[in-house]
Amino acid sequence: MTSTVPRVRFAPAPTGYLHVGGARSALFNWLYARQTGGVFILRIEDTNPELSRPELIEAILEPLRWLGLDWDEGPIRQSERGDLYRDAIERLLASGSAYRCDCTQDDVKARAEQRGGKPGYDGHCRTREVAEGEGVVVRFGVPDEGVTAFDDVVRGHVEFHNADLEDFVIRRSDGTPVFLVANAVDDADMGMTHVVRGEDLLNTTPKVILLWQALGLGEIPVYAHLPLLVNEQRKKLSKRRDDVAMGDYVERGYLAEAMANYLATLGWGPPDGVEIRPMAEILELFRLEDVTKGSAFFDPKKLDHFNSTYLRALPVEEFVRRARPWLEGDDVPWASEAWDSGMFAELAPMVQERCVTLADAADFVAWLFVDEVEMDETAWTKAMVKGKHVPEILDAVIAGLADCPWQTDALEELVRGAGDAVGARSQVPVRVAVTGSNVGIPLFEPMVLLGRERTLARLRAARARLP
RNA sequence: GCCCCGUUCGUCUAGAGGCCUAGGACGCCAGAUUCUCAAUCUGGUAACACGGGUUCGAAUCCCGUACGGGGUGCCA
């Protein structure tokens, strides 16, 4: 009888950046650990020296921290525990559960083709007593008969016929163990009580269990295979073709709490239907056994909705603080000395209400800080070319602006009056002339901040383009 | 091919045999509001894959079919 405290782990391979699917797995593990008073362990599955890139470990840890998924133990690197796995393999060899094989991959393939029917290894070396040497691997001898089964928290009872499993490699020809061995050994050694991971690993589970049993590691952990996160084509998210790197979402101005909240609704739903809520509540409501079975589409539009909702709920000072990296960084369209944080703070409430991501903030205020506005030509055509009485409106506004009180109310009254005089809408043409766009934050408050001279200059420039 | 898993509105989900005329959310559409755009409010659109059972009664249980996905590596 070991500890009764639940122990779970997130065990990524450092072969790429953390993507949304991995983050969701980490989140569900974390939720389970935190709600049960359990232990959340981070383990790096870098058993393959050729593919793993140590420099990527930080690229996995960083977004996990960002999401607030703190771990209690680790990161434990499997590459540093090679002795344990080598020892396990020796024991399997000694007990006859595993054997050496010197077949090349071409041999295996050729025999399979000759046999016809099913591909895979045929157990050719089971009784050949192959000696250690160059190009020799170790394979696990899967029993010819019987069933390997387990009860999955989300999928129920799952069975695999041993006859369908081939004698899989457990030690590569370079002497390194494959993850299946490391998995069994570490899950036992670290006392994992639950293994919560993506469904793409479901098929590897019987192999790990077989190793587990052959090694006499005791009771197997409880497995829970999460539904896959898929793209619009319903295919497993792929780092190559899908927009899934967690770090990209950070850079694009998504809030960690919005992302974590959204991820929690993929493969699970709160019983009362309230999706957007603090993680503390999700922690109370989440049940591993309520996880859904079907794969879930990672919907960027719904993420946007979560994000803008979280963004609007922020106290305005907090919004300003968190938007800062996107406003005072190197990518802004204005000269850094033109930036006026006080001015932004004044306009922040109206910006905040319109942002989907933090990165959007810059677009709403850029026209206040650039020397010359970048004209949206579509907006120009729509408002200025196709608009009615635009020249008259601009002339009237330019004339009136010269000496009107420089205040929000007065500006609004003047612009409206110019439109009323000719029976047309005047706000949009003025907006396009001054901001370069037909959409944006309310016009008159920022116009006050822009100043009389710059406002007039832009209006005159626009007027000059018209007949 | 073989093995495994899955299937409720376009999407994410609620639903544990009668509470379902199948609920919510995103999206979409329409209206209200409005200095534009958003936001907000109101309304609308839209689903139990199919076929057999079991049962007085099935989205819920069983079987089959179809479709989708995952795996089938000396990747994890």
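Further up the page is the structure itself.
Here's what I pulled together on the structure shown here. Since the structure is predicted, the reported quantities are computational estimates derived from the model, not experimental observations.

### Concerning the protein's contact with RNA strand B
Stage number 1. Taken together, 65 residues lie around RNA strand B, and R172, R234, K235, G267 and Q427 are the ones closest in.
Stage number 2. Protein-adjacent atoms of RNA strand B, using a 4 Å cutoff, are sugar or phosphate at a proportion of 70%.
Stage number 3. With respect to RNA strand B, the side chain of K235 contributes an N or O atom lying 2.5 Å from a phosphate oxygen.
Stage number 4. Interatomic distance of 3.2 Å between a side-chain N/O atom of R312 and a sugar or linking oxygen of RNA strand B.
Stage number 5. Counting only elements with at least two residues in the surface near RNA strand B, the list comes to strand 7 (156-161), strand 12 (296-297), helix 10 (300-313), helix 16 (408-422), helix 17 (427-435) and helix 18 (444-450).
Stage number 6. Per-element tally for the surface near RNA strand B: the top contributor is helix 10, with four residues.
Stage number 7. Looking at the surface near RNA strand B residue by residue, the class counts come to 23 nonpolar, 18 polar and 24 charged.

### Side note on helix 10
Stage number 1. For helix 10, built from 14 residues, the straight-helix expectation of 20 Å at 1.5 Å per residue is met to within 8% by its first-to-last C-alpha distance of 20 Å.
Stage number 2. Along its buried surface, helix 10 packs onto helix 7 (246-251), helix 8 (256-264), helix 11 (316-327) and helix 12 (341-352).
Stage number 3. Where helix 10 begins, one side-chain oxygen reaches toward the backbone nitrogen of K301, 3.0 Å away; that side chain belongs to D299.

### Points about unusual backbone geometry
Stage number 1. Look at the link from G74 to P75: it is a cis peptide, with omega at 5 degrees.
Stage number 2. As for its placement among the helices and strands, P75 is situated in strand 3 (residues 73-77).
Stage number 3. For E129, which is not glycine, the phi dihedral falls at a positive 55 degrees.
Stage number 4. One non-glycine residue with positive phi stands out, namely H389, at about 55 degrees.
Stage number 5. With respect to the helices, strands and loops of the structure, H389 is situated in the loop between helix 14 (377-385) and helix 15 (390-401).

Here is what the cut-offs are and how they apply
- Residues numbered from 1 in each chain as written.
- Chains lettered and ligands numbered in written order.
- Predicted model: local features only at pLDDT ≥ 70, side-chain atom pairs only at ≥ 80, totals over all residues.
- Heavy atoms only, no water.
- Near = heavy atom within 4 Å.
- Polar contact = N/O pair within 3.5 Å; in protein donor to acceptor, adjacent residues only side chain to side chain.
- Helix = DSSP H or I, 4+ residues; strand = E, 2+ residues; numbered from the N terminus.
- Nonpolar A, V, L, I, M, F, W, Y, C, P; charged D, E, K, R; others polar.
- Expected span 1.5 Å × (residues − 1).
- Contact = heavy atoms within 4.5 Å.

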